[in-house]
Amino acid sequence: MGFSVTFWGVRGTVSCPLPSHMGFGGNTSCVEVQAGDQRIVIDAGTGIRMLGKRLLKEGATEATLLMSHTHLDHICGFPFFAPAYTKGFHLRIVSGHLNGTPGIEAAMARQMERPLFPVPMRTMGSNIVFDEITAGDRFALGEGVQVRTARLNHPDGATGYRVEHMGKSFAYVTDTEHVPGQPDRNILDLIDGADLVLYDSTYTDEEWQNRIGWGHSTWTEGVRLAQAAGVKRLVLFHHDPDHDDAAMTAIEAAAQAVFPDCFAAREGMTVTLA
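Presented here is a report on the structure given in the accompanying data block. Computed from a prediction, not measured in an experiment: that's the story for all the values here.

**Quick look at the pattern of salt bridges**
Counting across every chain of the model gives 12 salt bridges. Across the salt bridge formed by Asp195 and Lys232, the nearest N and O atoms sit 3.9 Å from each other. Pair noted here: Asp195 is in the loop between helix 4 (185-191) and strand 11 (196-200) and Lys232 is in the loop between helix 6 (219-229) and strand 12 (233-237), with a separation of 37 residues, a long-range link. Within the structure, one salt-bridge network assembled from shared partners comprises Glu32, Arg39, Arg54 and Glu58.

**Details of the sheet that holds strand 2 (residues 30-35)**
Strand order in the open sheet formed by 7 strands is 6-5-4-3-2-1-14, with mixed pairing between adjacent strands. The outermost strands of the open sheet, each flanked by one partner alone, are strand 6 (127-132) and strand 14 (270-272). On average, adjacent strands in this sheet sit at an angle of 20° to one another, irrespective of strand direction. In this sheet, strand 14 lies alongside strand 1 (residues 3-9) in antiparallel orientation, the contact comprising 3 bridges. Of the residues in strand 14, the one forming a bridge with Thr6 is Thr270. Packing against the sheet, helix 1 (residues 48-57) makes contact with strand 1, strand 2, strand 3 (38-42) and strand 4 (62-67), and its axis sits at approximately 35° to strand 2.

**Here we look at unusual backbone geometry**
Cis peptide bonds are those with omega within 30 degrees of zero, and the linkage from Arg114 to Pro115 qualifies with 10°. With respect to the helices, strands and loops of the structure, Pro115 is situated in the loop between helix 3 (104-110) and strand 6. A cis amide bond links Thr174 with the next residue in sequence, Asp175, at an omega value of 0°. Its place among the elements puts Asp175 in the loop between strand 10 (168-173) and helix 4. Of note, Thr13 is a non-glycine position whose phi angle comes to about 75°, a positive value. Relative to the helices and strands, Thr13 is located in the loop between strand 1 and strand 2. A positive phi angle is found at Asp43, which is not glycine, with a value near 75°. With respect to the element layout, Asp43 can be found in the loop between strand 3 and helix 1.

**Concerning the sheet that holds strand 12**
Picture the strands of a sheet paired through backbone hydrogen bonds; they go either parallel or antiparallel. Within the open sheet, the 7 strands sit side by side as 7-8-9-10-11-12-13. Their pairing is mixed. Looking at which strands have only one partner, the edges of the open sheet turn out to be strand 7 (138-140) and strand 13 (262-264). Strand after strand, the sheet turns through a mean of 20° between neighbouring axes, direction not considered. Where strand 12 meets strand 13, 3 bridges bridge the pair, whose relative direction is parallel. Within strand 13, the position partnered with Val235 by the bridge is Phe263. Packed on one face of the sheet, helix 7 (residues 245-258) meets strand 12 and strand 13 and runs near 170° to strand 13.

**Some details on the packing of aromatic side chains**
Per the counting criterion, the structure on display carries 3 aromatic pairs. Judged by centre distance (5.5 Å) and plane angle (85°), the ring pair of Phe80 and Phe117 falls under edge-to-face. One end of the pair, Phe80, is in the loop between helix 2 (72-75) and strand 5 (90-95); the other, Phe117, is in the loop between helix 3 and strand 6, with 37 residues separating them in the sequence.

**A short note on helix 7**
Helix length check: helix 7 (14 residues) gives 20 Å between terminal C-alpha atoms against 20 Å at 1.5 Å per residue, within 8%. Taken as a whole, helix 7 has its buried residues at Asp245, Met248, Ile251, Glu252 and Ala255. Buried residues in helix 7, looked at end-on, bunch into an arc of 125°, giving them a common side. Along helix 7, exposed side chains directed more than 90 degrees from the buried face belong to Ala246 and Ala257. Elements that come into contact with the buried residues of helix 7 comprise helix 6, strand 12 and strand 13. One side-chain oxygen of the residue at the start of helix 7 lies 3.2 Å from the amide nitrogen of Ala246, identifying that residue as Asp244.

About the criteria used
Residues numbered from 1 in each chain as written. Predicted model: local features only at pLDDT ≥ 70, side-chain atom pairs only at ≥ 80, totals over all residues. Heavy atoms only, no water. Salt bridge = Lys/Arg side-chain N within 4 Å of Asp/Glu carboxyl O. Helix = DSSP H or I, 4+ residues; strand = E, 2+ residues; numbered from the N terminus. Pairing = 2+ DSSP bridges. Axes fitted to C-alpha atoms, helices over the stretch in contact; angles between N-to-C directions. Contact = heavy atoms within 4.5 Å. Phe/Tyr/Trp six-rings, centres within 6.5 Å; stacked < 30°, edge-to-face > 60°. Expected span 1.5 Å × (residues − 1). Buried < 20%, exposed > 50% of the residue type's maximum accessible area, 1.4 Å probe, protein only. Arc of directions from axis to C-beta. Polar contact = N/O pair within 3.5 Å; in protein donor to acceptor, adjacent residues only side chain to side chain.

Take a look at the structure:
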């Protein structure tokens, strides 16, 4: 059954469907994890639209959607997720940052109410279950798949996830802002010894200096955390929309010069862990 990670959306902030960005991709955050018989989707940015089409084409009947948070770039693809409209499809949506005020159901529904969107969430024909957890919780998804969570440093809150299966592990850590000289203990514990870690690498160090408080980090901090935690491979993620393919290629090369087992996420790329 295996364990793999596929990138369907790798951008942050806003989608950028431009020729100059297609080498890495223009859709916002969405990652698919296949762990045994579990189909796990992390975040519902614009990349989730094409993933939904693929799930239906493959005959999938259920999935778990783990939400890092509910800022627009991470939820705006949900109204276009075809499985959610499909009778008989079972979708569990998990959130760890809202603490019930408002809950994840209300937050996801709000963007689909007039005058923002003409088709309300209540018209979706699938069986949708909303599950509120607390960042730091652990839970199982089927036999042999464990999920750990951690609180991230982001305006309005965010949750990081670690999926473990077949002795391998993948950690999803976006959106989060670092504090210089103070490695985030929540993140270090979450990614400790992980086989593959995706990290919020929105800005360069120079750009970040003018964006403190915006809730994002840098590839250099990602490398520092990966080295400290003994991470095997690091994925740069949540690419800034102002970073075209040339800029992303330069960022990736700079990161690899410091941490060779590192790459920038590209739409359509699949990494097999087991």
